[in-house]
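Coordinates in review
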Amino acid sequence: MSFLKRIFGGLFGGDSAAPAATTQPSTAPAAVRTPPAAPPPAAPKLFIGWNEMIDAQGGIGGYRLLPRTLNPGQRITGPALLDALTREQAARYAETRPLLIPLTLAQWQEADFKTAVGRQTFILIEDFPELDTATQQQLTQHIRGCGAKLVAPRRIDQAPLPWDVDALLIDFHAEPLTQLESVVRTVRQQNPALRLFMTEVASWSEHRLCRNLNAHFCLGDFATT
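Residues numbered from 1 in each chain as written. Predicted model: local features only at pLDDT ≥ 70, side-chain atom pairs only at ≥ 80, totals over all residues. Heavy atoms only, no water.

1. Quick word on the pairing of strand 3 (residues 99-103)
A regular strand places its side chains so that they alternate between the two faces of the sheet. Just so we agree on the cut-off: Buried, partly exposed and exposed residues are distinguished by accessible area as a fraction of the type maximum, computed with a 1.4 Å probe on protein chains only: under 20%, between the cut-offs, and over 50%, respectively. Numbering goes from the N terminus for both helices and strands, where a helix is a DSSP run of H or I of at least four residues and a strand is a run of E of at least two. Criterion used throughout: strands pair if DSSP finds at least two bridges between them. For a crossover, the right-handed case is the one in which the path from the first strand over the helix to the second runs clockwise, viewed with the strands pointing away from the viewer.
Of all 5 residues that make up strand 3, 5 are buried, and the element is covered over most of its length. The alternating pattern of strand 3 places Leu99, Ile101 and Leu103 and Leu100 and Pro102 on opposite faces, both of which are buried. Of the pairings in the sheet, the one linking strand 2 (residues 60-69) to strand 3 comprises 2 bridges and is parallel in character. Pairing of Arg64 across the sheet is with Leu100, part of strand 3. Pairing of strand 3 with strand 4 (residues 121-125) involves 5 bridges; the strand directions are parallel. Bridging across to strand 4, Leu103 finds its partner in Ile125. In this view, the connection linking strand 3 to its parallel neighbour strand 4 by way of helix 4 (residues 105-110) has right-handed handedness.

2. Notes on the confidence of the model for the protein
Short version of the rule: Note: pLDDT gives the predictor's confidence per residue, expressed from 0 to 100. Residue contacts follow a heavy-atom distance rule, with two residues in contact if any of their heavy atoms lie within 4.5 Å.
Across the protein, the average pLDDT comes to 84, with 79% of residues at 70 or higher. Between residues 7-14, whose pLDDT stays under 50, and residues either more than four places distant or in other chains, the model counts 2 contacts.

3. So, the environment of Ile170
Relative to the elements of secondary structure, Ile170 occurs in strand 6 (residues 167-171). Residue Ile170 is classed as buried on the basis of its relative accessible area, which comes to 2%. Measuring from C-alpha to C-alpha, the distance between Ile170 and Thr199 comes to 6.0 Å, with 29 residues separating the pair along the chain. Look past the residues within four positions of Ile170 in its chain and what remains in contact with it is Arg154, Leu180, Leu196, Phe197, Met198 and Thr199.

4. Thoughts on the pattern of salt bridges
To keep it simple, the criterion reads: In the sections that follow, a salt bridge refers to a side-chain nitrogen of Lys or Arg positioned within 4 Å of a carboxyl oxygen of Asp or Glu.
Scanning the model with the defined rule gives 7 salt bridges in all. For the salt bridge of Glu110 with Arg75, the shortest nitrogen-to-oxygen distance reads 2.7 Å. Of this pair, Glu110 sits in helix 4 while Arg75 sits in the loop between strand 2 and helix 2 (78-87), and the two are 35 residues apart along the sequence. Judged by relative accessible area, which is 36%, Glu110 ranks as partly exposed. Glu175 is the salt-bridge partner of Arg154, the closest N and O atoms lying 3.2 Å from each other. Here Arg154, found in the loop between strand 5 (149-153) and strand 6, pairs with Glu175, found in the loop between strand 6 and helix 6 (177-190); they are 21 residues apart in sequence, far enough to count as distant.

5. Concerning the pairing of strand 2
Bridge count for strand 1 (residues 46-54) against strand 2 is 9 bridges, and the pairing is antiparallel. Directly across from Gly49, in strand 2, lies its bridge partner Leu66. Taken together, strand 1 and the strand that follows it, strand 2, pair antiparallel across an intervening segment of 5 residues, in which Gly58 is found at a positive phi of about 90°.

6. With respect to the environment of Gly220
Tracing the sequence through the fold places Gly220 in the segment after strand 8 (217-218). The spacing of Gly220 and Trp204 is 16 residues in sequence and 10.0 Å in space, taken between C-alpha atoms.

7. Quick word on helix 5 (residues 133-145)
Our working rule: By this rule the span expected of a helix is its residue count minus one, scaled by 1.5 Å. In protein, a polar contact requires one atom able to donate a hydrogen and another able to accept it; more generally it is a pair of N or O atoms within 3.5 Å, and residues adjacent in sequence count only if both atoms are side-chain atoms.
For helix 5, which comprises 13 residues, the first-to-last C-alpha distance of 18 Å matches the rise-based estimate of 18 Å (1.5 Å per residue) to within 8%. In this fold, the buried residues of helix 5 make contact with helix 4, strand 4 and strand 5. Structurally, the start of helix 5 carries an N-cap: the backbone nitrogen of Ala134 is 3.2 Å from a side-chain oxygen of Asp132. A positive backbone phi angle near 95° is found at Gly147, which sits one or two residues after helix 5.

8. Here we look at unusual backbone geometry
Residues other than glycine seldom take positive phi values, yet Gln89 does so here, at roughly 55°. Residue placement: Gln89 occurs in the loop between helix 2 and helix 3 (90-93). Here the phi dihedral of Glu200 falls at roughly 65°; this positive angle occurs in a residue that is not glycine. Note on placement: Glu200 falls in the loop between strand 7 (195-199) and helix 7 (204-212). Residue class for Glu200 comes out partly exposed when judged on its relative accessible area of 46%.

9. As for helix 7
Going by this rule: Here, the arc refers to the directions that run from the helix axis to the C-beta atoms.
If you check which residues of helix 7 are buried, you get Glu206, His207 and Cys210. Axial view of helix 7: buried residues confined to an arc of 105°, hence all on one face. On its buried side, helix 7 packs onto strand 1, strand 7 and strand 8. One or two residues past the end of helix 7 sits Asn214, with phi positive at roughly 65°.

As structure tokens, this is what we get:
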């Protein structure tokens, strides 16, 4: 009988096999995926142009450095600028000729530029006129303490020489020539040792005018003509 049950049990409802277990949906929470970290911003790709500074004799007396970034809209940081100056061997060049390096206060505070300073390094702080007096004094001491000379851009709405600086950067076309001559005379009386950098000089005839004003260096497109 047991033999027949084994053969026909399925047909006559004998020992039926146990129903297959029903798989219950898992109630465990799905693993939370952490989004991939955003890649760090690309370091600014810098190149530095060398702009000739023409002296009173008409020769190349030194250079103004012009940092530019290849990443549009990206700010040039102090460390990135210092790295570019190191690659250009700015300190070595400034041991023999004047080198004008433009910086902002923020860039100067972000890196130690002492390693980029030579005996004839001129640091142009582009936003110097907008700083308060205490900051100007501290910055002046710091720059000179690093062995560099301080250059400030002249603003025509300010006094001829409102700061204790080593040089002025003057836009040749910012004011009438007669007024510019008056400013230069006043500056010479206040500080005979002050260096004058004339920028936006467009022709050799204007260079001759700057020479008559006893400007030390002229900067502009005229140097390429």
